[in-house]
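Chain by chain, the residues:
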Amino acid sequence: MSNWQILWQARDQFWSGFLSTMTIFGCAISAAFVIGCVLLYLLEGSRPRLAVPLRVFIDGMRMLPFLILAYLLYYGLPSFGIRLDAWWSGVGALAVYHGCYIAEIFRGSRLTFPPGQIEAAQAHGFTRSKMFLRLILPQIVMQTRPLLGNQLIYALKDTAFLVIITVQELTAAANSLSGTYFIPTEAFIVVIGFYWAVSIVMEVIVKQCGRFGSRRGFDNV
Amino acid sequence: MNASAWHMLLEGAWTTLWISGVSIAMGVTAGLILALIRLARVPVIDQLLVLYISLARATPLVTLALFIFLSAPTFGLQLDRNVAGILALTLNTTAFNAEIWRSAFRNFSREQREAAMATGMTPWITFRRIMLPQMVITSLPGLINEMSFLIKGSPAIAVIGIVDLTRVTNRISAVTYEPLPPILVACVLYMAIIGGLVWAQRVAERRANRLAV
Amino acid sequence: MSDLHATAGRQATPEPPAAGNSHVTTAAVSIRNLSKSFDDVEVLRDVNLEVKQGDVVTILGSSGSGKSTLLRCINWLEQPERGTIHIAGERIGMNADGRPMSVKALARVRARTGMVFQSFNLWPHLNVLHNVTEAPIHVLGQPRQEAEARARELLDKVGMSHKQDAYPNTLSGGQKQRVAIARALAMQPEVMLFDEPTSALDPELVGEVLGVIKALSAEGYTMVIVTHEMAFSRAVSDQVVFLEKGLIIEQADPETFFTRPRTERVQRFLERHQ
Ligand SMILES: Nc1ncnc2c1ncn2[C@@H]1O[C@H](COP(=O)(O)OP(=O)(O)OP(=O)(O)O)[C@@H](O)[C@H]1O
Ligand SMILES: [Mg+2]
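Residues numbered from 1 in each chain as written. Chains lettered and ligands numbered in written order. Predicted model: local features only at pLDDT ≥ 70, side-chain atom pairs only at ≥ 80, totals over all residues. Heavy atoms only, no water.

Draft legend 1. Summary view of the overall build of chain B. Assigned secondary structure in chain B consists of 8 helices and 0 strands. Along the three orthogonal principal directions, the C-alpha set of chain B runs to about 70 × 45 × 25 Å. Within chain B, buried positions represent 53% of all 213 residues. When contacts within chain B are restricted to residue pairs at least 6 apart in sequence, long-range pairs at least 24 apart make up 77% of them. Put simply, chain B shows about 9,500 Å² of open surface, and 65% of that area lies on carbon and sulfur atoms. The average position of the 17 basic charges and that of the 10 acidic charges among the side chains of chain B differ by 7 Å. (Helix = DSSP H or I, 4+ residues; strand = E, 2+ residues; numbered from the N terminus. Buried < 20%, exposed > 50% of the residue type's maximum accessible area, 1.4 Å probe, protein only. Contact = heavy atoms within 4.5 Å. Areas by Shrake-Rupley, 256 points an atom, 1.4 Å probe, with all protein chains shown as cover. Lys, Arg positive; Asp, Glu negative; His and termini not counted. Charge placed at Lys NZ, Arg CZ, Asp CG, Glu CD.)

Next up, the structure:
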């Protein structure tokens, strides 16, 4: 039996690893997006005294490796009596970590947001939160989509770190298969192919969103 | 945390630093060479490099490190852990650096190159004396940014058993049963390293802006 | 056309400082039957021009007439389709067998020309002194000390020796252009090529650069200058060449050119630029 045939028989393990990675990625990145939006809103200046600690928090996160944050949640939190299993630690760490990166991307774009639009909205009597949700956020998201797309790929790659805190995902599947049958080369080629394919699909989607965005005139506001 | 814990942490930090340092040095150089090869647009080689860059950018470091470390023996190669770790980090960072160098090359002012040719410099002298020094200055902020990313990705080498600054916290807490302190100290050390790089990046940006006449 | 140059308008013609090893009777630049197109558009059409050693030739013409292209063909920054160019008797760009020169050989011939660009094109990573010494050291292989001593002399000549340690981005346009002139002179070229050296300058800075070029002409440098400065052209030229749609339609000594132009086209051009 050739190595590839062995792999084909073990396809269920790959598939469940792949689904696990995609579930983690999907949950984490959705939460990260929400965290990014909330952080941006809090930075908007409703509470000026909140802005400084938030900035410190965001910049601090961006100076850490992702894995050390996962360690903090997985190994560190029990010291406070909070016990998360590996899966939740992983998803939580991914969400917070990439939420901070997304917040920073948003903040950079917010700095160049045309103030005239905000004045116009205020003149029309928009409340702060309405203005944020309906005016500022959609434009900033559309404007930063290439950077967000990059961040998606980083987040996808960071899911592989979770094998180190024993989460069963795609890389873990390759690792255990290569251990069982001693066919590491083939197992990892397949897994790298998975990551590659997902990255390419995401890139295409981001590009398509770009087309849609420019049709809706988001690019020349 | 006792003295031996501190000692272990610093040793972990040193491992992270030297393995990253070697990978950065090799990755920056290899990136430049790849960028130059790509500029030559040799048919098949060019497509292969595009494929490599695309793959390297999509492959998680953990996966790459495991791949290299586990599959090398099946080709009859017994790789030392450190070598496998350095290889993984280098293969990854080279792809990003190649793109940084390539864009510096493509954005280089045609007029300045013509001024060099007009004084009788050969293309090679023009590259070495006029283009490369300026490409270093303009690429440096991007290269340093990529160095930060490499350090942030470096805990991936823990997966093949290298005791780096992240992994060493496990070792320490296995003895002390107090995982939080070493992890927090490791966080501070990472922040110091990456904070230093962020600062260097700012300085490099200022220098690069000064180059713009 | 090669016999069409006049020496009127210039008093002294000393030996050119460029240490050419060619015979005195060889022209510094000799252009024969030069044609050049960009994507089917003929920009130069059968141009012939001879520049004697020590002569100053100014090229006039309206925008898009091919002046820059002609100048850039002389040092092979543009490759013409037809025709030959000799720099002090040596053919540039092509070997005798009609095949392109090796990059090394081409660089060697180019080193015998010096070019000054409209946009200065100083190298921003090098200070003023090193902008001037870079090519002598790395192309001619001059020892650093010798190159620097010579560079200081040249910077003095263009009035920039007080700025030798400054970086280009701290200089005014006029200062940059004077450094660029020193940089070109440092190679001791057979001929200096100027492409609208003052067009990018504020009006009050034009004079200092034209002053330097005038001084060079008095010293006997061979120069080909594309310019829109009529008074300057008249004062400094041995020959004036008028380009129109890639053709030389008039070529004369400055007296004749500016007072008794033959063609109606040049008359109109001069009226507009008086
Ligand atoms: N690299 C190029 N590619 C295509 N066309 C070109 C190129 N360079 C010049 N041309 C065209 O060739 C013609 C002559 O250009 P050239 O720059 O020689 O004119 P010029 O006389 O120097 O004009 P100006 O006074 O504006 O500098 C113009 O029509 C120009 O558009
Ligand atoms: Mg021109």
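Draft legend 2. Quick look at the interface of chain C and chain B. Taken together, the 26 residues of chain C in the interface contact 22 residues of chain B. In this assembly, chain C packs against chain B so that about 2,000 Å² is buried in total across both faces, 65% of it on carbon and sulfur atoms. Summed over the three residues of chain C that lose the most area to chain B, namely C:Trp123, C:Pro124 and C:His125, the buried surface amounts to 28% of that side. The interface formed by chain C and chain B holds 2 salt bridges in total. At the junction of chain C with chain B, the criterion picks out 8 residue pairs in polar contact (both at pLDDT 80 or more). Of all the secondary-structure elements, those providing two or more residues to the side of chain C that touches chain B are helix H2 (103-110), strand E6 (113-116), helix H3 (128-138) and helix H5 (173-185) of chain C. In terms of residues, the side of chain C that touches chain B owes the most to one element, H2(C), which gives 4 residues. (Buried area = accessible area lost by both parts, 1.4 Å probe. Salt bridge = Lys/Arg side-chain N within 4 Å of Asp/Glu carboxyl O. Polar contact = N/O pair within 3.5 Å; in protein donor to acceptor, adjacent residues only side chain to side chain.)

Draft legend 3. Structural context of the site of ligand 1. Residue and element names in this part refer to chain C. Surveying the vicinity of ligand 1 reveals the residues Phe38, Val43, Ser62, Ser63, Gly64, Ser65, Gly66, Lys67, Ser68, Thr69, Glu196 and His228. Residue Thr69 places a side-chain N or O atom 2.5 Å away from an oxygen atom belonging to ligand 1. In the complex, 58% of the free accessible area of ligand 1, which totals 630 Å², lies under the protein chains. With 3 residues, the top contributor of residues to the shell around ligand 1 is helix H1 (residues 67-74). (Near = heavy atom within 4 Å.)

Draft legend 4. Broad picture of the packing of helix H1 (residues 3-40) of chain B against helix H4 (residues 81-106) of chain B. Residues and elements named next belong to chain B. The interhelical angle for the contact between H1 and H4, taken along N-to-C directions, is 40°, at an axis separation of 5 Å. By the criterion of interaxial angle, the relationship of H1 to H4 is oblique. When the axes of H1 and H4 are compared, the crossing they make is right-handed. Along the lines of polarity and charge, the residues of the contact of H1 with H4 split into 16 nonpolar, 8 polar and 4 charged. (Axes fitted to C-alpha atoms, helices over the stretch in contact; angles between N-to-C directions. Parallel < 35°, antiparallel > 145°, perpendicular 65-115°, else oblique. Left-handed = near helix turned anticlockwise from the far one by under 90°. Nonpolar A, V, L, I, M, F, W, Y, C, P; charged D, E, K, R; others polar.)

Draft legend 5. Geometry of the arrangement of the chains. The top pair by number of contacts, from a total of 2 pairs of chains in contact, is chains A and B. Here chain A and chain C are not in contact; the least distance found between their C-alpha atoms is 28 Å.

Draft legend 6. The confidence of the model for chain C, seen in detail. All names here are of chain C. Of all residues in chain C, 91% have pLDDT values of 70 or greater, and the mean over the chain is 90. Counting interchain partners and residues more than four positions distant, the pLDDT-below-50 stretch residues 1-24 has 41 contacts. Here the complex is predicted with pTM 0.88, and the ipTM for its interfaces comes to 0.92. (pLDDT = per-residue confidence, 0-100.)

Draft legend 7. Region of interest: the interface of chain B and chain A. Across the boundary between the two partners, chain B contributes 39 residues, which contact 36 residues of chain A. When chain B packs against chain A, the two sides together hide about 3,300 Å² of surface, and 79% of this comes from carbon and sulfur. When the area that chain B buries against chain A is broken down by residue, the three leading residues are B:Phe67, B:Lys152 and B:Leu180, summing to 16%. In this assembly, chain B and chain A are joined by 0 salt bridges. Counting every contact that joins chain B to chain A gives 7 residue pairs in polar contact (both at pLDDT 80 or more). Put simply, the parts of the chain that give the side of chain B that touches chain A at least two residues each are helix H2 (43-58), helix H3 (61-71), H4, helix H6 (123-153), helix H7 (167-176) and helix H8 (180-211) of chain B.

Draft legend 8. Molecular detail of the packing of aromatic side chains. Inspection of the entire model under this criterion finds 17 aromatic pairs over all chains. Plain terms: the ring middles of A:Phe66 and A:Phe161 are 6.1 Å apart, the flat faces sit at 50° to each other, and that makes the pair tilted. Taken together, the residues A:Phe66 in helix H4 (residues 66-76) and A:Phe161 in the loop between helix H8 (145-158) and helix H9 (170-181) connect sequence positions 95 residues apart. Grouped by ring-pair contacts, the aromatic residues A:Phe66, A:Tyr97, A:Tyr101 and A:Phe161 constitute a single cluster. It is A:Arg11 that lies over the ring of A:Trp8; its NZ or CZ is 4.4 Å from the centre. The lysine or arginine in question, B:Lys152, covers the ring of B:Phe149, its NZ or CZ lying 4.8 Å from the ring centre. (Phe/Tyr/Trp six-rings, centres within 6.5 Å; stacked < 30°, edge-to-face > 60°. Lys NZ or Arg CZ within 6 Å of the ring centre and 35° of its normal.)

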